[in-house]
Every structure is written in C-alpha cells, then in structure tokens.
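What follows is each chain in one-letter form.
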Amino acid sequence: MENIAENINWLITALTFLGGIYMYFNHTYRLNQQQKKLNEQQEQLNKQQVQLNEYQIEKSRAESLEKKQAMIEANVYRTTDRKGNSIWKMKIYNKGKAKATNIDFTSETLEADSAIELIGDPTMFPIPSLIPYGSVELSVLLCCGHKSSHKFIFTWDDESGKGRTQEQDVFFQ
C-alpha cells in the first residue's frame, strides 16, 4: 500500500511539475503576444508623431513665408466727394503681412478702353512702398460704354523675393 501511495505522490508531483512548466510557457507566450501588440501600437504612435512633427514643421515654414509676403490687390468703388457728387475710386492695397516695395501694375485691356481713365500723379508709379494693410487711392473717370472688368497684373518686391506678381480681374461697376 505504501508503494502505491508513494507512486501516487510521485505522479502528483510529476503532474504538478509538468503543469507548472505548461503554465510558465503559456504565460510567457501570452506576455510575448501582449508585448508584440504594445510594440506595434508604439510603432504606430511613433509614425503618427513623425507625421505630426512634419505637419507642424511645414505649417511653421508656411507661416514664416506668409510673414515675409505682401499681397497687392485692387478694387474700384463708388463714393461721394465733399459736395455730395458721386465719384469712383480705385484702391490699391497690401493685404499681406509684409511691407511691399516698388509696386506697379499693367493692364492691356484698360489701356485699350478709352471710356475709363485713372486720374493721379503719373510719377507716383512705381509706388515706393505699402505697409501691411496700407493702401493708395486713385480717382477713376468712367464714361458710358466702358468694359465692366479689366485684367490687372500687379508687380512688387517684398521680403520673400523681388518681382512677385498677382493677376486680378478688377471690376468697374
């Protein structure tokens, strides 16, 4: 009887030992799987962080460039003079964030339209400079039969470069 009890004890010990080994390897396998998932998640987060950093760098460059750029545009509007008469004005303005220098414009269609005349000092062009959101105004004489819009090409210099251009349709209505 003792021999049977001893064999049962050895059997139980062996099964316990084998169960422990099985539990160890099973637990290690699950930990390794969890670690793989965590590593994959960390790699994904790292990729996202790199993309975010690249986006922020690009945004910073764009903002830096924008701070160095002027943007010259014009519009024509109706107003009244001191006597209450209706008059037309053309406002050339800098809507950029940097100072513009050596500002000029050309318009082949305007030159061909004899029903519109810009009235101003011809020596004012090129305009020496316009600060951000600064403007100059020219009086406009509109006669019957003028074309309602003309293509203007503005040229200027700013901190981002020389000879910058902007093409715009200016409406005379």
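Residues numbered from 1 in each chain as written. Predicted model: local features only at pLDDT ≥ 70, side-chain atom pairs only at ≥ 80, totals over all residues. Heavy atoms only, no water.

1. Concerning the overall build of the protein
Logical step 1: Within the protein, the secondary structure is distributed over two helices and eight strands.
Logical step 2: What you see in the protein, going N to C, is helices and strands ordered as α-β-β-β-α-β-β-β-β-β.
Logical step 3: For 173 residues, the compact-globule estimate of 2.2 N^0.38 gives 16 Å, and the protein exceeds it by more than 25% at 39 Å.
Logical step 4: Expressed as a percentage of the 173 residues in the protein, the buried residues total 21%.
Logical step 5: Put simply, of all contacts in the protein between residues at least 6 apart along the chain, 63% involve residues at least 24 apart.
Logical step 6: By element, 54% of the accessible surface of the protein is carried by carbon and sulfur atoms, the whole surface being about 12900 Å². (Helix = DSSP H or I, 4+ residues; strand = E, 2+ residues; numbered from the N terminus. Rg over C-alpha atoms; globule rule 2.2 N^0.38 Å. Buried < 20%, exposed > 50% of the residue type's maximum accessible area, 1.4 Å probe, protein only. Contact = heavy atoms within 4.5 Å. Areas by Shrake-Rupley, 256 points an atom, 1.4 Å probe, with all protein chains shown as cover.)

2. Some details on the layout of surface pockets
Logical step 1: If you add up the space inside the largest pocket, you get close to 160 Å³.
Logical step 2: Lining the largest pocket, in full, are Asp104, Phe105, Thr106, Ser107, Leu110, Glu111, Asp113, Ile116, Glu117, Leu118 and Phe125.
Logical step 3: Elements with a minimum of two residues in the lining of the largest pocket: strand 3 (100–106), helix 2 (108–112) and strand 4 (116–119).
Logical step 4: Of the residues contributing to the lining of the largest pocket, the split by class is five nonpolar, two polar and four charged. (1 Å grid on protein atoms, 1.4 Å probe; cavity = no way out; pocket = protein on both sides within 12 Å on 5 of 7 lines; lining within 4 Å. Points joined across faces, edges and corners; volume = space filled by probe spheres on them. Nonpolar A, V, L, I, M, F, W, Y, C, P; charged D, E, K, R; others polar.)

3. Comments concerning the pattern of salt bridges
Logical step 1: Applying the stated criterion to the full structure yields six salt bridges.
Logical step 2: Note that Lys47 and Glu43 form a salt bridge whose closest N and O atoms lie 3.9 Å from each other. Here Glu43 and Lys47 lie together in helix 1 (residues 2–67), a separation of four residues that amounts to about one turn.
Logical step 3: With relative accessibility at 48%, the residue Glu43 sits in the partly exposed group. (Salt bridge = Lys/Arg side-chain N within 4 Å of Asp/Glu carboxyl O.)

4. Looking at the nonpolar core
Logical step 1: Counting residues in hydrophobic clusters, the biggest one holds 23 residues, and the most contacted among them are Ile72, Met90, Ile92, Phe152, Phe154 and Phe172.
Logical step 2: Those elements giving two or more residues to this core turn out to be strand 1 (72–80), strand 2 (86–94), strand 3, strand 5 (127–130), strand 6 (135–142) and strand 7 (149–158).
Logical step 3: The element best represented in this core is strand 6, accounting for four residues.
Logical step 4: In this structure, Phe152 is in contact with Met90, Phe105, Thr106, Ser107, Leu110, Gln166, Glu167, Gln168, Val170 and Phe172, ignoring residues within four places of it in sequence. (Core = buried A, V, L, I, M, F, W, Y, C linked by side-chain atoms within 4.5 Å.)

5. Here's the deal with the sheet that holds strand 2
Logical step 1: Read from one edge to the other, the open sheet built from four strands follows the order 1-2-6-4, with strand pairing classed as antiparallel. Pairing within the sheet leaves two strands with one partner each, and these edge strands are strand 1 and strand 4. Across the sheet, the mean angle separating the axes of adjacent strands is 30° when strand polarity is ignored.
Logical step 2: Across six bridges, the pairing between strand 2 and strand 6 is antiparallel. Each bridged residue has a counterpart across the sheet, and for Tyr93 the counterpart in strand 6 is Ser135. (Pairing = 2+ DSSP bridges. Axes fitted to C-alpha atoms, helices over the stretch in contact; angles between N-to-C directions.)

6. Some thoughts on unusual backbone geometry
Logical step 1: Cis geometry is adopted by the peptide bond preceding Pro126, which originates at Phe125 and carries an omega value of -5°.
Logical step 2: Counting through the fold element by element, Pro126 comes out in the loop between strand 4 and strand 5.
Logical step 3: Although it is not a glycine, Asn102 sits at a positive phi angle of roughly 55°.
Logical step 4: Within the fold, Asn102 resides in strand 3.
Logical step 5: Of note, the phi angle at Tyr133 is positive, near 65°, even though the residue is not glycine.
Logical step 6: The residue Tyr133 is located in the loop between strand 5 and strand 6 in this model.

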